Amino acid sequence: MSIRAELHSTIQALVQPGKGILAADESHPTIAKRFSAVGVESTEEKRREYRSLILSAPGLGEFISGVILFEETLGQNSLDNTPISKLLETQGIVPGIKVDKGKKPLVNASGDEITYGLDGLDDRLEIYRNQGARFAKWRAVYNISATLPSRQAVEANAELLARYAALCQAAGIVPIVEPEVLIDGDHSIERSAEVNEIVIAEVFSALRRHRVQLEYIILKPSMVTPGKGCAKAPPENVAEATLRVFRRVVPAAVPGINFLSGGQTPEEATRNLSAMNSLGQQPWYLSFSYGRALQEPAQKAWAGDLGNRSATQSAVLKRARLNGAATQGLYTTDMEA
Ligand code: 13P
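Residues numbered from 1 in each chain as written. Predicted model: local features only at pLDDT ≥ 70, side-chain atom pairs only at ≥ 80, totals over all residues. Heavy atoms only, no water.

**Q** Would you mind going over helix α7 (residues 151-170) with me for this structure?
**A** What sets the pattern is the α-helix's 3.6 residues per turn: residues three or four places apart point alike. Helix length check: α7, at 20 residues, gives a terminal C-alpha distance of 29 Å against a target of 28 Å (1.5 Å per residue), a fit within 8%. Where α7 is concerned, the buried positions are A153, V154, N157, A158, L160, L161, A162, Y164, A165, C168 and Q169. Check the buried side of α7 and you find it contacts α1 (3-14), β5 (113-115), α6 (121-130), β6 (135-142), β7 (174-181) and α8 (189-209). (Helix = DSSP H or I, 4+ residues; strand = E, 2+ residues; numbered from the N terminus. Expected span 1.5 Å × (residues − 1). Buried < 20%, exposed > 50% of the residue type's maximum accessible area, 1.4 Å probe, protein only. Contact = heavy atoms within 4.5 Å.)

What follows is the structure in structure tokens.
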């Protein structure tokens, strides 16, 4: 198969009505934080146990088209000793891989951050591909304040996202391009809209500069919401503000926009996505690529005990199903019962 044909077939598999992506690619410090919230120490064996449980939930592939894995998981076997990438394939799910190396402060730009991980990425992509990964993720992070992010942060992060995306496509791997504008802070929904517009416009300008084929990427942005420190906006306002920004800056060639949940509660993330999809047809397929909003209830149900297998699997399946409905604008709160 040519590289282009491969990218095309991966996009077809990922962007499907009623389905979205599960982000299970938490780095070691992040998964330790999530486990600690349910009283579990994060060890390699516990991470394998938990991730095996959720990824083998029967029927997960009905609502989940792709799973983003952390490097460690891509090399692990599930509890019944199947390689995790094989397990996903039998579920009809495309295996993906987080390839960035995390963020650090951006030098000479107080309060801004920059993502690391480009060195040696071409060689790593080759290895991940051989392990079964067909798509990848790189997360750029932007803090919001009255003055942040700086122009340096906007340009530097866009450049790295574009170079990562170009390398992925050259290796036959579909890049998820993730510019996450953080929800932390007490900014208004208008300020969130303003920053998202600047950030995403710059990302597409860099993608163009690096000749990334927009037909074979997935954009993973934040929704436009007020900061965590403010009163929440109703779903209709979030939907309207988010789509207004995206219509301005996301070319119609992009097949899918799969939102991150970014600290919204599971119900909120589902409601807001459904509100967007009830506004009618858009140029792109609007779906989810949630981490916390898909997994929080499952982590609580598991609480480190394999005996809670069925409750854990039902919990992740429920959020996947409700978000699947939200991709069609068909979610209602009574479906939570
Ligand atoms: P959240 O949905 O928990 O924000 O995670 C998505 C993700 O992959 C962040 O990089």
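Picking up after the structure, the text goes on.
**Q** Just to check I follow, could you spell out the pairing of strand β10 (residues 285-290) for this structure?
**A** In terms of burial, β10 is a largely internal element, six of the six residues being buried. The alternating pattern of β10 places Y285, S287 and S289 and L286, F288 and Y290 on opposite faces, both of which are buried. Relative to β10, strand β1 (residues 20-24) is paired through two bridges, and the arrangement is parallel. Note that in β10 the partner of I21 across the bridge is S289. Bridging between strand β9 (residues 256-259) and β10 involves four bridges; their strand directions are parallel. If you follow G256 over to β10, its bridge partner there is Y285. (Pairing = 2+ DSSP bridges.)

**Q** What am I meant to see in the packing of aromatic side chains here?
**A** When we look at a pair of aromatic rings, we describe it by the centre distance and by the angle of the planes. This model, assessed by the stated rule, comprises seven aromatic pairs. Where F246 meets F259, the ring centres are 5.8 Å apart and the plane angle is 10 degrees; that geometry is what we call stacked. Here the residue F246 occupies a position in helix α9 (residues 235-249), and F259 occupies one in strand β9, the gap between them amounting to 13 residues. Accessibility assignment for this pair places F246 and F259 in one class, buried. Pairing F246 with W284 gives two aromatic rings, centres 6.4 Å apart and planes at 85 degrees, and the pair type is edge-to-face. Here W284 lies in the loop between α10 (266-277) and β10 and F246 lies in helix α9, a separation of 38 residues in the sequence. The class of F246 is buried, set by a relative accessible area of 0%. The structure contains a cluster of three or more aromatic residues connected by ring pairs, namely F35, Y50 and W302. Sitting above the plane of the Y116 ring, K104 keeps its charged end 4.8 Å from the centroid. (Phe/Tyr/Trp six-rings, centres within 6.5 Å; stacked < 30°, edge-to-face > 60°. Lys NZ or Arg CZ within 6 Å of the ring centre and 35° of its normal.)

**Q** Hey, could you run me through the site of the ligand in this one?
**A** Taken together, 13 residues sit near the ligand, with K137, K220, S261, G262 and R292 positioned nearest. Between an oxygen atom of the ligand and a side-chain N or O atom of E178, the distance comes to 2.9 Å. Starting from 300 Å² of accessible surface for the ligand in isolation, the protein chains cover 92%. For the shell around the ligand, the residue count by class is three nonpolar, four polar and six charged. (Near = heavy atom within 4 Å. Polar contact = N/O pair within 3.5 Å; in protein donor to acceptor, adjacent residues only side chain to side chain. Areas by Shrake-Rupley, 256 points an atom, 1.4 Å probe, with all protein chains shown as cover. Nonpolar A, V, L, I, M, F, W, Y, C, P; charged D, E, K, R; others polar.)

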